[in-house]
Amino acid sequence: MIIKTHNQIPKIPSSEITDPLIFKERRKIIKTMLAMTVAGMVSPYTKAESAKSKGATVAKSKFSNASLTPTSAELVKNYTNYYEFAFDKEGSTQLAQTLRTDPWSVEISGEVEKPGAYHLETILRQQTLQERIYRFRCVEAWSMVVPWVGFSLADLLKIVKPLSTAKFVKFTTLYQPETMLNQRSTAMLTWPYVEGLRIDEAMHPLTMLAVGMYGDVLPKQNGAPLRLVVPWKYGFKSIKAIVKIELLKKPPLTTWNQSAPHEYGFYANVNPAISHPRWSQNTERQLGSGFFTPRRQTELFNGYGEQVAALYRDMDLQHFF
Amino acid sequence: MLQINKLYLSVIAGCLVPLVWLGVDIALNNLGANPIQALHIRLGDWALRFLWLTLAITPLQTMTKWRGMADYRQLLGLVAFFYATAHLVVYLIVDHGLMWRLIAIDILESAYIWFGVLAYLIIFALAITSPKLAKKRLGKNWKKLHRSIYLASGAAMIHYFWQLKGNLAEPVLYLLLIMLLLGFRILVWLKNRQFNKMMLPKGRKQ
Ligand code: HEM
């Protein structure tokens, strides 16, 4: 049943699967693009000196919270919820290293003018990578600050041209039970993992697809090679290892929403006033903060209210949580 | 006498091992990316484990017919109280920096913490009435009061299960242990009832 959805992906010749060149190439693309595009930004990760030089193609991403200090990369790499691999945050780091990410293509289908299977390298060549420092808030009440590398999801969607009938976007994670061992059992969640956004959320410039962080390619445990980042929503919305993007007329059934509908809604906007049925969302523990440093007061929309509140203007957030 | 004291002392030492172990992990920065949570959780875990150990003494006593275990039951109970207190202190001071407004909101909005608080209040009451003097003063009521350890365990269990997010291996193990501990008591109770029935004089309906 689960495999069925996967059969639709065009078969990749097995000769390509073990080719290390592809990964090297992707890494090179990302690195080169970063060197070119991040030059205009002050980033401690790319060691760009000339903050004033205007990049020919890319201005400093106005969506980056330049004033935030990123969490130490070591912490971000060793504290990930990736249930496909392990139910604990440390275990998934190690187990995820077995993941095969080469070659990688993303199937884009549904209500679009130009559906198809797009090689990741092809997607990357059409985009200008940017570094964006975003807050990341997990529904489990911890948070971090991550310098992601990627591009606006909208810039990809514009290329495939959504039809006017496209009201929602569904994202699907890879199904690879040989390495994603927990996919062999559906006791905890159903696989593959599915997430979704409303089309206006997906087209919002803050919503990004990340291929890197801290000036390098994404580590496998952090969602390599391609993940979603929606900074004003709880982390589980930011789906990892995306193989499929579908534009739909109706909202997709998302994995956590399916598993526990009264605990995890479709929207999952960060909101300190709406507690999880079992725990408060009022505060968060920032990774890297010291002993005796009090928890941080969580902000509505994770601090991105100015940019995104309009999306929910007439909605009862208590109801659409 | 000396031997028992020696045993008693080694049990105390054993009970402190998790604390020392935690101290070492703190010193070596071994608590992972979220050390405050790890510290808090590990103290809570040990509070719960010592609570189970405390509850296991009575069945052990019955099975081995070894009297003189009451002292150990008292000790383990106090150790459970100790770890629960440390768990609470970390929550209040290390995690929340004594920001009382944040603490109040957190407790009010997190149903699972209500049960932690309930469990703690009971364990606290048991701990302060633990000395011999209190036992004497309370007389018959002491036993009644200390039966509420079952209530505390139930509350602690709800507290524990209700906050779980992903990993279910350990919880299931705990559940099994509790069923064993409870099962044993039910068996004893049934047996006693049976026994009492047999003791009733013949010819009389109970
Ligand atoms: C006023 C009393 C208490 C408060 C405020 C409190 C608070 C908390 C909080 C906030 C957590 C969640 C930790 C997290 O996931 O970040 C927790 C977990 C826990 N608490 Fe408590 N607690 C209290 C009393 C107790 C008592 C009396 C016990 C045991 C006898 C206990 C045992 C535990 C255990 C076992 C966990 C779960 C650890 C795990 O996930 O493995 N707590 N407590």
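Note that the coordinates shown come from a computational prediction; the quantities given were computed from them, not determined experimentally. Per chain, residues are indexed from 1 in the order of the written sequence. Following the order in which they are written, the chains are lettered starting with A and the ligands numbered starting with 1. Restriction of local features to residues with pLDDT of at least 70 applies here, the model being predicted, together with a cutoff of 80 or more for giving and counting side-chain atom pairs; totals for whole chains, interfaces and linings are based on all residues. For the side-chain quantities, the full set of heavy atoms in the structure was used; hydrogens and water were omitted.

So, about the overall build of chain A. Working definition: helices are DSSP H or I runs of at least four residues, strands are E runs of at least two. Numbering for both runs from the N terminus. Assigned secondary structure in chain A consists of 10 helices and 12 strands. Exposed residues in this analysis have more than 50% of their type's maximum accessible area, buried residues have under 20%, and partly exposed residues fall in between, with area computed by a 1.4 Å probe over protein chains only. In chain A, which comprises 321 residues, the proportion classed as buried is 59%. Note on areas: Shrake-Rupley with a 1.4 Å probe; residue coverage comes only from the protein chains shown. By element, 57% of the accessible surface of chain A is carried by carbon and sulfur atoms, the whole surface being about 13,700 Å².

So, on to unusual backbone geometry. Residues and elements named next belong to chain A. At the junction of Asp 102 and Pro 103, the peptide bond is cis and its omega measures out at -10° in the coordinates. On the secondary structure map, Pro 103 appears in the loop between α5 (89-95) and β1 (105-110). Note that the residue after Ala 224, namely Pro 225, is joined by a cis bond; omega there is 0°. Of note in this structure, Ala 268 is not a glycine but carries a positive phi near 50°. Relative to the helices and strands, Ala 268 is located in the loop between α9 (255-259) and β11 (283-286). Exposure remark for Ala 268: the relative accessible area of 4% places this residue in the buried category. Despite not being glycine, Phe 292 has its phi angle at roughly 70°, a positive value. With respect to the element layout, Phe 292 can be found in the loop between β11 and β12 (296-297). What makes Phe 292 exposed here is its relative accessible area of 52%.

Residues and elements named next belong to chain B. Along the polypeptide, Asn 29 turns up in the loop between α1 (2-27) and α2 (35-64). Here Asn 29 falls in the exposed class, since its relative accessible area comes to 62%. Residues Asn 29 and Val 89 lie 60 residues apart in sequence; the distance between their C-alpha atoms is 20 Å.

The next subject is the interface of chain B and chain A. Accessible area lost upon the coming together of the parts is a frequently used measure of interface size. Opposite the 29 residues of chain B that make contact, chain A presents 29 residues. Throughout, the accessible surface (probe 1.4 Å) given up by two parts as they are put together, summed over both, is called the buried area. Between chain B and chain A, roughly 2,300 Å² of surface is buried when both sides are summed, and carbon and sulfur atoms account for 58% of that area. Any Lys or Arg side-chain nitrogen found within 4 Å of a carboxyl oxygen on Asp or Glu counts as a salt bridge. On inspection of chain B and its partner chain A, the count reaches two salt bridges. Taking the shortest distance from any N to any O, the salt bridge between A:Arg285 and B:Asp95 comes out at 2.7 Å. Whenever two N or O atoms come within 3.5 Å, that pair is a polar contact, provided that in protein one can donate a hydrogen and the other can accept it, and provided that, for residues adjacent in sequence, both atoms are side-chain atoms. Taken together, the links from chain B to chain A amount to nine residue pairs in polar contact (both at pLDDT 80 or more). Sorting the residues of the side of chain B that touches chain A by element identifies α2, α3 (70-95), α4 (100-109), α5 (111-128) and α8 (149-162) of chain B as the ones contributing at least two each. A per-element tally of the side of chain B that touches chain A places α4(B) first, with five residues. Side-chain classes follow a simple rule in which Ala, Val, Leu, Ile, Met, Phe, Trp, Tyr, Cys and Pro form the nonpolar group, Asp, Glu, Lys and Arg form the charged group, and the remainder, Gly included, forms the polar group. The class makeup of the residues in the side of chain B that touches chain A is 15 nonpolar, nine polar and five charged. By the convention used here, residues are in contact when the closest approach between their heavy atoms is within 4.5 Å.

For the rest of this paragraph, the subject is the site of the ligand. All names here are of chain B. Whether a residue is near a molecule or strand depends on its heavy atoms: it is near if one of them lies within 4 Å of it. Neighbouring the ligand are 22 residues; Gln 37, His 40, Asp 45, His 87 and His 159 lie closest to it. Side-chain polar atom of Gln 37 to an oxygen atom of the ligand: 2.9 Å apart, as the coordinates give it. Within the side chain of Gln 163, one N or O atom sits 3.1 Å away from an oxygen atom of the ligand. Where the shell around the ligand is concerned, the elements lending two or more residues are α2, α3, α5 and α8.

Residue and element names in this part refer to chain A. Pairs of strands are assigned from DSSP output, requiring at least two bridges between the strands. Ordered by their spatial adjacency, five strands build an open sheet running β2-β1-β10-β5-β6, and the pairing between neighbours is mixed. Taken across any chain shown, the strands that pair with only one partner, and hence form the sheet edges, are β2 (116-119) and β6 (194-198). If you compare each strand with its neighbour and ignore which way they point, the axes differ by 20° on average. Of the pairings in the sheet, the one linking strand β5 (residues 168-173) to β6 comprises five bridges and is antiparallel in character. When the bridges of β6 are listed, Phe 171 appears paired with Glu 195. Along the sheet, helix α7 (residues 153-160) contacts β1, β2, β5, β6 and β10 (242-248); its crossing angle with β10, the most-contacted strand, is approximately 65°. Axis lines are fitted to C-alpha atoms, over the contacting stretch for helices. Their N-to-C directions set the angle, which ranges from 0 to 180 degrees.

Residues and elements named next belong to chain B. Only nitrogen, oxygen and sulfur atoms count as donors, using a 2.8 Å cut-off from the metal that widens to 3.2 Å for Na, K and Ca. Water is left out, so coordination shells may look unfilled. At the metal site, the iron atom of the ligand is ligated by His 87 (NE2) and His 159 (NE2), and these contacts range over 2.0 Å. The coordination sphere of the iron atom of the ligand comprises six donor atoms, whose angles at the metal cover 86 to 179°; the geometry is octahedral. You can see His 87 sitting in helix α3 and its partner His 159 sitting in helix α8, a full 72 residues away along the chain. What makes His 87 buried here is its relative accessible area of 19%. Under this scheme a four-donor centre is tetrahedral when all angles range from 85 to 135 degrees, a four-donor centre is square planar and a six-donor centre octahedral when opposite donors are above 155 degrees with the rest from 65 to 115, and any other centre is irregular.

Turning to the side chain of A:Gln281, a few remarks are in order. Here A:Gln281 lies in the loop between α9 and β11. Beyond its immediate sequence surroundings of up to four residues, A:Gln281 is in contact with A:Arg137, A:Val139, A:Ala141, A:Tyr234, A:Asn271, A:Pro272, A:Ile274, A:Ser275, A:His276, A:Thr298 and B:Glu109.

Turning our eyes to something else, we now look at the environment of A:Leu317. Following the sequence through the fold, A:Leu317 ends up in the segment after α10 (305-308). Given the relative accessible area of 22%, A:Leu317 is considered partly exposed.

Residue and element names in this part refer to chain B. Of the residues in chain B, 90% have a pLDDT of 70 or more, and the chain-wide mean is 87. One number per residue, pLDDT, summarises how confident the predictor is, and it ranges from 0 to 100. When pLDDT is averaged over each helix and strand of chain B, the minimum, 76, is found for helix α9 (residues 169-199) and the maximum, 96, for α5. Quick note on the complex model: pTM equals 0.85, ipTM equals 0.80.

Attention now goes to α2(B). One less than the residue count of a helix, multiplied by 1.5 Å, gives the span that helix is expected to have. Helix length check: α2(B), at 30 residues, gives a terminal C-alpha distance of 41 Å against a target of 44 Å (1.5 Å per residue), a fit within 8%. Positive phi shows up at B:Lys65, right after α2(B), with a value of about 60°.

It is worth spelling out the packing of aromatic side chains at this point. All names here are of chain A. The aromatic pairing rule takes the rings of Phe, Tyr and Trp, using the six-membered ring of Trp, and pairs them if the centres are within 6.5 Å, calling planes under 30 degrees apart stacked, those over 60 edge-to-face and the rest tilted. In this structure the tally under the stated criterion is 24 aromatic pairs over all chains. Their ring planes at 75° and their centres at 4.8 Å tell us that Tyr 79 and Trp 142 sit as a pair that is edge-to-face. Here Trp 142 lies in strand β4 (residues 142-152) and Tyr 79 lies in the loop between α4 (73-77) and α5, a separation of 63 residues in the sequence. Accessibility expressed as a relative area gives 3% for Tyr 79, which makes it buried.

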